[in-house]
Amino acid sequence: MGRVEGKVAFITGAARGQGRSHALRLAQEGADIIAVDLCGQVGTVHYPMATPEDLAQTVKDVEALDRRIVALEADVRDYGALKAAVDDGVAQLGRLDIVSANAGIAGFGAVDELTDEEWGDMLDINLTGVWHTAKAAIPHLRAGGNGGSIILTSSTAGLMGIANLAHYVSAKHGVVGLMRALALELAPDMIRVNSVHPTSVDTDMIHNSATYNLFAPDLDNPTREQIGERFQALNVLPIKWVDAVDISNAVLFLASDEARYITGVTLPIDAGSTAK
């Protein structure tokens, strides 16, 4: 216990899924949390996104761990709103040490069939939103004078090509380039920047009818078990998907002093899928 004791972590996409898991895992190890989420629907996303009720549950779960949390609704595409949220959180909690740029969406489509709106939303949220998150946080990390850790959420799709995911692959590859540039720029301030690259994660982002129908177009109303067999084929280890906490444990490691000299690294949590 206590691997990030007394520190403050800023997490985007914190209402549910990986973001909530990151908030809870860091809180378990002593961090206070600034949690941000859109809590609304994006028109080009074909599965239900997080709600204000989801963010309220994250607040309850963190407070149950006896940690402080400032939770705010903000869109990572809106730099002004995101900066205001971070500034408010730091004003209330007193510092900033850890950043988890986790907010993201998923979508599918052949390159020649993607609409401008699908491409734009994907890049705006999954890449520009990550840049906005870092940009809003950097002044607070520098002001603290204690260094810090920024963890950008990419994907196995940030390390390899995947058909029917051109917009997602492009955004997640872009996150890697941003991470590497930030690692160089922020090193003099002892601010470390790394990226995590999950395989499929057991969250609402994959467990929805749109994703099920994409992976199993030959089945009527595919079940979780049936779709799991398709997802397992992506991995080397004989598992269908990883749990959100598996990514959270990697985020915790990169945020902690155990990784104090690790920067500019792409860390797969992928059950071996990128080894294929």
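As shown above, the structure is provided for reference.
The notes below deal with the structure included here.

### Some remarks on the pattern of salt bridges
Opposite charge on two side chains allows them to pair when their charged atoms are near.
Part 1: If you walk through the whole model with that rule in mind, you get 15 salt bridges.
Part 2: Here Asp 257 makes a salt bridge to Lys 7, at a shortest N to O gap of 3.5 Å. Taken as a pair, Asp 257 in the loop between helix 8 (244-255) and strand 7 (266-269) and Lys 7 in the segment before strand 1 (8-12) lie far apart in primary sequence, 250 residues in all.
Part 3: Here Asp 257 falls in the exposed class, since its relative accessible area comes to 53%.
Part 4: Lys 7 gets classed as buried once you look at its relative accessible area, which sits at 18%.
Part 5: Between Arg 224 and Asp 202 there is a salt bridge; the shortest N-O distance is 2.8 Å. Taken together, the positions of Arg 224 in helix 7 (residues 224-232) and Asp 202 in the loop between strand 6 (191-198) and helix 6 (209-215) put the pair 22 residues apart, joining distant regions of the chain.
Part 6: Judged by relative accessible area, which is 40%, Arg 224 ranks as partly exposed.

### Looking at helix 1 (residues 17-28)
Because the α-helix completes a turn every 3.6 residues, residues three or four places apart line up on one side.
Part 1: Taking 1.5 Å of rise per residue, 12 residues should cover 16 Å, and helix 1 covers 17 Å from first to last C-alpha, within 8% of that figure.
Part 2: For helix 1, a buried count of 10 out of 12 residues is recorded, marking the element as mostly surrounded by other parts of the structure.
Part 3: If you check which residues of helix 1 are buried, you get Gln 18, Gly 19, Arg 20, Ser 21, His 22, Ala 23, Leu 24, Arg 25, Leu 26 and Ala 27.
Part 4: A positive phi of about 105° marks Gly 30, the residue just after helix 1.

### Overview of the layout of surface pockets
Part 1: Its boundaries defined by the atoms lining it, the second largest pocket holds a volume of some 220 Å³.
Part 2: Along the walls of the second largest pocket sit 15 residues, with Lys 7, Asn 146, Gly 147, Gly 148 and Asp 257 positioned nearest its centre.
Part 3: In terms of residue class, the lining of the second largest pocket is built from four nonpolar, five polar and six charged.

### A closer look at helix 2 (residues 52-63)
Part 1: Its 12 residues give helix 2 an end-to-end C-alpha distance of 17 Å, which sits within 8% of 16 Å, the value for a rise of 1.5 Å per residue.
Part 2: Every buried residue belonging to helix 2 is among Leu 55, Thr 58, Val 59 and Val 62, and all of these are buried. Seen along its axis, helix 2 keeps its buried residues to an arc of 100°; they face one direction. Those residues of helix 2 that are exposed and aimed more than 90 degrees away from the buried face are Glu 53 and Lys 60.
Part 3: Buried-residue contacts for helix 2 involve helix 1, strand 2 (32-37) and strand 3 (69-73).

### A closer look at the packing of helix 1 against helix 2
Part 1: Where helix 1 meets helix 2, the axes come as close as 10 Å, and the angle between the chain directions of the two elements is 15°. In terms of their interaxial angle, helix 1 and helix 2 are classed as roughly parallel. At the point where helix 1 passes helix 2, the crossing takes the right-handed sense. Side by side, helix 1 and helix 2 meet where Arg 20, Ala 23, Leu 24 and Ala 27 of the first sit next to Asp 54, Gln 57, Thr 58, Asp 61 and Val 62 of the second.

### Considering the sheet that holds strand 6
Part 1: The parallel open sheet is built from seven strands, whose spatial order is 3-2-1-4-5-6-7. With partners counted over all chains shown, the strands left at the sheet margins are strand 3 and strand 7, one partner each. Between one strand axis and the next, the sheet turns by 15° as a mean value, whatever way the strands run.
Part 2: Direction of pairing for strand 2 relative to strand 3: parallel, over a ladder of five bridges.

### Notes on the packing of aromatic side chains
Part 1: For the coordinates displayed, the defined rule picks out three aromatic pairs.
Part 2: Aromatic side chains Phe 108 and Phe 215 sit 6.3 Å apart centroid to centroid with 85° between the ring planes, which places their arrangement in the edge-to-face category. With a gap of 107 residues between them, Phe 108 in the loop between strand 4 (98-101) and helix 4 (116-144) and Phe 215 in helix 6 connect regions that are remote in the sequence.
Part 3: The class for Phe 215 is partly exposed, based on a relative accessible area of 25%.
Part 4: Centroid distance Phe 231 to Trp 241: 5.8 Å. Interplanar angle 65°. Geometry classified as edge-to-face. Linking Phe 231 in helix 7 with Trp 241 in the loop between helix 7 and helix 8, this pair joins segments that are 10 residues apart in sequence. Here Phe 231 matches Trp 241 in class, with each residue buried.
Part 5: Taken together, Phe 108, Phe 215, Phe 231 and Trp 241 form an aromatic cluster joined through their ring pairs.
Part 6: Here the basic side chain of Lys 135 rests over the ring of Tyr 79, its NZ or CZ set 4.7 Å away from the ring centre.

So, how was this worked out
- Residues numbered from 1 in each chain as written.
- Predicted model: local features only at pLDDT ≥ 70, side-chain atom pairs only at ≥ 80, totals over all residues.
- Heavy atoms only, no water.
- Salt bridge = Lys/Arg side-chain N within 4 Å of Asp/Glu carboxyl O.
- Helix = DSSP H or I, 4+ residues; strand = E, 2+ residues; numbered from the N terminus.
- Buried < 20%, exposed > 50% of the residue type's maximum accessible area, 1.4 Å probe, protein only.
- Expected span 1.5 Å × (residues − 1).
- 1 Å grid on protein atoms, 1.4 Å probe; cavity = no way out; pocket = protein on both sides within 12 Å on 5 of 7 lines; lining within 4 Å.
- Points joined across faces, edges and corners; volume = space filled by probe spheres on them.
- Nonpolar A, V, L, I, M, F, W, Y, C, P; charged D, E, K, R; others polar.
- Arc of directions from axis to C-beta.
- Contact = heavy atoms within 4.5 Å.
- Axes fitted to C-alpha atoms, helices over the stretch in contact; angles between N-to-C directions.
- Parallel < 35°, antiparallel > 145°, perpendicular 65-115°, else oblique.
- Left-handed = near helix turned anticlockwise from the far one by under 90°.
- Pairing = 2+ DSSP bridges.
- Phe/Tyr/Trp six-rings, centres within 6.5 Å; stacked < 30°, edge-to-face > 60°.
- Lys NZ or Arg CZ within 6 Å of the ring centre and 35° of its normal.

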